[in-house]
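The primary structure of each chain is shown beneath.
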Amino acid sequence: LTAMNLVDINIEHFDKLFEIVSNPLTMQWLGDGNTWSKEKLISLIDSTTLDHRQSKAQHKLFNWSIIKDGLPVGLIGIHPYNINTGKSFYVISLLHPSQVGKGYGISALNIAIKKFQKLRPDIKELYIDTLTNNIRAQKTLDDFKLIGIIKIHNRYHLRYIRLFN
């Protein structure tokens, strides 16, 4: 496994990240399965940048580029699950299809959780939803507990939770 790390998502990563979010092979595993427009990716980057101008304790959006050999190969984010209470968050993670199955997803998840806990120790719940047929992603969730099946965008997902002390 080549060393990888997470860096705050930024506009310099736009071209490589757009290759990922506009790829149907990547996006088939996320939400409604639709690819993202350039505008949606720019909105994610801009929203994260604006959010991070607040004090760290107020951050609500955590988005990192997954970097390998100096280039983005994916992205991982932790976002508010219940915006009203602000007490629970959920994870999204995407890798370029050529990087799937190499351990970068689980490494990125573990690094992201450590960063998130350091920045927001007040958050005690973290959720991940995976499509019922996304066996590869489910195998990376040993530290999470399966709590149910939900329907999102007319597709069935397994919902997992991880609780922190």
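On a predicted model such as this, the values are computed, not experimentally measured, just so you know. (Residues numbered from 1 in each chain as written. Predicted model: local features only at pLDDT ≥ 70, side-chain atom pairs only at ≥ 80, totals over all residues. Heavy atoms only, no water.)

Draft legend 1. Spotlight on the overall build of the protein. Within the protein, the regular secondary structure consists of five helices and seven strands. Counted from the first residue to the last, the protein has its helices and strands arranged as β-α-α-α-β-β-β-α-β-α-β-β. Relative to its length of 165 residues, the protein is compact, with a C-alpha radius of gyration of 15 Å against a globular reference of 15 Å. Overall, the protein is about 40 × 35 × 30 Å in size when its C-alpha atoms are taken along their principal axes. Within the protein, contacts between residues at least 6 apart in sequence are counted, and of these 58% link residues at least 24 apart. Carbon together with sulfur atoms contributes 52% to the accessible area of the protein, which is approximately 9000 Å² in total. Looking at the protein, you have 21 positive and 14 negative side-chain charges, and the mean spots of the two groups are 5 Å apart. (Helix = DSSP H or I, 4+ residues; strand = E, 2+ residues; numbered from the N terminus. Rg over C-alpha atoms; globule rule 2.2 N^0.38 Å. Contact = heavy atoms within 4.5 Å. Areas by Shrake-Rupley, 256 points an atom, 1.4 Å probe, with all protein chains shown as cover. Lys, Arg positive; Asp, Glu negative; His and termini not counted. Charge placed at Lys NZ, Arg CZ, Asp CG, Glu CD.)

Draft legend 2. Just the sheet that holds strand β7 (residues 155-163), in detail. Judged by pairing direction, the sheet is mixed, and its seven strands sit side by side in the order β1-β2-β3-β4-β5-β7-β6 without closing on themselves. Of all strands in the sheet, those bounded by a partner on one side alone are β1 (4-8) and β6 (145-152). Neighbour to neighbour, the strand axes of the sheet diverge by 30 degrees on average, direction disregarded. Here strand β4 (residues 88-95) pairs with strand β5 (residues 125-131) via three bridges, running parallel. Bridge pairing in β5 places Tyr90 opposite Tyr127. Those strands touched by helix α1 (residues 14-21) are β2 (62-68), β3 (71-80) and β4, and its axis lies near 75 degrees from that of β3. (Pairing = 2+ DSSP bridges. Axes fitted to C-alpha atoms, helices over the stretch in contact; angles between N-to-C directions.)

Draft legend 3. View of the pattern of salt bridges. The final tally for this structure, using the stated rule, is four salt bridges. Among the salt bridges present, the one from Lys16 reaches Glu19, with a minimum N-O distance of 3.8 Å. Linking Lys16 with Glu19, this pair stays in helix α1, spanning three residues, or about one helical turn. Classification of Lys16 by relative accessible area gives partly exposed; the value is 32%. By relative accessible area, Glu19 is classed as partly exposed at 41%. For Asp143, the salt bridge identified is with Arg162, shortest N-O distance 3.8 Å. With Asp143 in the loop between α5 (135-138) and β6 and Arg162 in strand β7, the pair connects residues that are 19 residues apart, well separated along the chain. (Salt bridge = Lys/Arg side-chain N within 4 Å of Asp/Glu carboxyl O. Buried < 20%, exposed > 50% of the residue type's maximum accessible area, 1.4 Å probe, protein only.)

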